[in-house]
Amino acid sequence: SAYQVDQFAGADFGAKLQSCLGSLSAINGGTCDARNFVGNQSMGSNVTISTANATVLLPCATISTINQIVVTAGTRNVALRGCALRGTSGASGSQGGTVLLDSGSGAMVQVGDPTYTLDTPGFHMDNVAINTTPGSATTKGLAAYRTQEMDLESLYFLGNSNQTGMVLDGTGNYTGGTFYDNAFNGVQTAMNAIGHQVTN
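Residues numbered from 1 in each chain as written. Predicted model: local features only at pLDDT ≥ 70, side-chain atom pairs only at ≥ 80, totals over all residues. Heavy atoms only, no water.

Let's talk about the state of the cysteines
What is meant by a disulfide is a covalent connection between two cysteines, made through their sulfur atoms. Convention followed: A pair of cysteine sulfur atoms is labelled a disulfide when the two atoms are within 2.5 Å. The way it works is that DSSP assigns letters per residue, a run of H or I at least four long becomes a helix, a run of E at least two long becomes a strand, and they are numbered from the N terminus. Burial here depends on accessible area, computed with a 1.4 Å probe over protein chains only, as a share of the maximum for the residue type. Under 20% is buried, over 50% is exposed, and the range in between is partly exposed.
Evaluation of the coordinates by the stated rule reveals two disulfides. Residue Cys60 pairs covalently with Cys83 via a disulfide, S to S 1.9 Å. In this structure the cystine formed by Cys60 and Cys83 twists about its S-S bond by roughly 105°; its chirality is therefore right-handed. One end of the pair, Cys60, is in the loop between strand S5 (54-57) and strand S6 (61-65); the other, Cys83, is in the loop between strand S8 (79-81) and strand S9 (99-102), and 23 residues separate them in sequence. For Cys83, a relative accessible area of 30% gives the class partly exposed. For the protein chain, numbering the cysteines in disulfides from first to last along the sequence yields the connectivity 1-2, 3-4.

This is the structure:
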């Protein structure tokens, strides 16, 4: 099933998307199509994805937030798909496509289980610019925990010289997959790949 996100109730883009995600089949998942949104949008609270096989078609818009997109532990095969190559346009490297503009203090996109109890396989994300320049030193573009067979394609991480673009933490099993055509600009650490941290 496919649903148009702009037809759902909510105070802003994030609330409407959360409402759409709540309508997806708990067994088969489905698609939330947000491509009708344009310009500057806001996300006033976390967007939590806890339905397996959920796909979000993101708009050509700049989504400003201090909050996170969270794929909960054990939620398989979630896909976030942007609207333009690396989330940008010919006119600008920081707007024009799908841009997540993060002024918070955590990870803009968090996938999996930071307590390392469950695997979260099959996460996919493509064609999104994650701009963390308004954030703090602890702001990250993406953090994945115990996430296998992930697929990250044509993402553009734009940050500051005291930030980390991506954290891959394999504690409890491993985190990894396919990484293709991803760009890191301005950050101190492009990718922090962490092995098993728990003594056993």
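Side note on unusual backbone geometry
Despite not being glycine, Asn53 shows a phi value in the positive range, around 65°. Mapped onto the elements of the fold, Asn53 is located in the loop between strand S4 (47-49) and S5. The phi dihedral of Glu149 falls on the positive side, at around 50°, and the residue is not glycine. Mapped onto the fold, Glu149 is located in the loop between strand S13 (140-145) and strand S14 (150-153).

Considering the environment of Ala183
Inclusion rule: Every residue pair with non-hydrogen atoms within 4.5 Å of one another is taken to be in contact.
In this structure, Ala183 sits in strand S18 (residues 183-185). Since its relative accessible area comes to 14%, Ala183 is described here as buried. The residues contacting Ala183, other than those within four sequence positions of it, are Arg86, Leu155, Tyr156 and Phe157.

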